[in-house]
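# Structural features, examined
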Amino acid sequence: MTEGQHLAQFNIARIRYPLDDPRMKEFVDNVARVNGLAEGIEGFVWRLQDDSGNAMNIKVYDDPRVLPNLTVWENVEALERFVWKTVHSRFYGRRDEWFEHIETPLVLWHVPADHRPTMQEGVDRLEHLKAHGPSDHAFGWDRIPAAQLWKTARCGAASEHAA
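The following refers to the structure shown. (Residues numbered from 1 in each chain as written. Predicted model: local features only at pLDDT ≥ 70, side-chain atom pairs only at ≥ 80, totals over all residues. Heavy atoms only, no water.)

The next point concerns the pairing of strand β1 (residues 5–15). Most of β1 is tucked away: 9 of the 11 residues are buried. In terms of strand pairing, β1 meets strand β5 (residues 106–112) through 7 bridges, oriented antiparallel. Among the inter-strand pairings, Phe-10 is bridged to a residue of β5, identified as Val-107. Pairing analysis gives 8 bridges linking β1 to strand β3 (residues 66–73), with the strands arranged antiparallel. (Buried < 20%, exposed > 50% of the residue type's maximum accessible area, 1.4 Å probe, protein only. Helix = DSSP H or I, 4+ residues; strand = E, 2+ residues; numbered from the N terminus. Pairing = 2+ DSSP bridges.)

This is how it looks when you write it as structure tokens:
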């Protein structure tokens, strides 16, 4: 990453059950906690949210079961710390209880430090990654040499979920 750039992250998750279903309660009850944790990590810059304080009510892909997550970080180390070294990793490890498998749920890209990406930008980057594979325009963890935690701390996962 060059000087004056940050790292944008967009991921999606398709819920197995409605958010008010008792099987989703533990996930839903902890969204604010996990979001607050992200905001407290050194290197966190911004996250997409609506008036509710989260993005779970923001519709993406014309599918009310798809939950988006769009964030900006100063660097990959900050994002990795949040994903793999906080309580987020415990929820990530249980993602199969709440979410269906999505083949390519995550995309990363560099943005100018003052840029806040839109939901459409996140969707476009994810679709570009799926259609064309990793490039400077859209990539996954494996395209960032400084990213190391994802290799060993993925809760035994074989994919790049970050729900």
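After that view of the structure, there is still more to cover.
Now for helix α2 (residues 76–85). Burial analysis of α2 places 7 of its 10 residues in the buried class, the great majority of the element. Those residues of α2 that sit buried are Val-76, Ala-78, Leu-79, Glu-80, Phe-82, Val-83 and Trp-84. Between the side-chain oxygen at the start of α2 and the backbone nitrogen of Glu-77 there is a gap of 3.2 Å, and the oxygen is on Asn-75. (Polar contact = N/O pair within 3.5 Å; in protein donor to acceptor, adjacent residues only side chain to side chain.)

Here Ala-38 lies in helix α1 (residues 25–40). Classification of Ala-38 as buried rests on a relative accessible area of 4%. On a C-alpha basis, the gap between Ala-38 and Val-83 in space is 8.6 Å, while along the polypeptide they are 45 residues apart. Sequence-distant contacts of Ala-38, defined by excluding residues within four places in its chain, comprise Phe-44, Trp-73 and Phe-82. (Contact = heavy atoms within 4.5 Å.)

Counted by the stated rule, this structure contains 7 aromatic pairs. Relative to Phe-82, the ring of Trp-73 has its centre 5.6 Å away and its plane inclined at 25°; by these criteria the two rings are stacked. With respect to burial, Trp-73 and Phe-82 carry one shared label: buried. Chaining the aromatic ring pairs together yields one cluster made of Phe-27, Phe-91, Trp-98 and Phe-99. A cation over an aromatic ring shows up here: Arg-95 above the ring of Tyr-92, its NZ or CZ 4.0 Å from the ring centre. (Phe/Tyr/Trp six-rings, centres within 6.5 Å; stacked < 30°, edge-to-face > 60°. Lys NZ or Arg CZ within 6 Å of the ring centre and 35° of its normal.)

This next bit is on α1. For the α-helix, the turn length of 3.6 residues means that residues three or four positions removed from each other point alike. With 16 residues, α1 extends 24 Å between its outermost C-alpha atoms, agreeing within 8% with the 22 Å of an ideal straight helix rising 1.5 Å per residue. Val-31 marks the point of greatest bend in α1, at about 40°. Along α1, the positions that sit buried rather than exposed are Phe-27, Asn-30, Val-31, Val-34, Asn-35 and Ala-38. As for α1, its buried residues are in contact with β2 (44–47), β3, α2, α3 (88–93), α4 (95–98) and β4 (99–100). (Expected span 1.5 Å × (residues − 1). Bend = angle between axes of the 7 residues up to and from the residue.)

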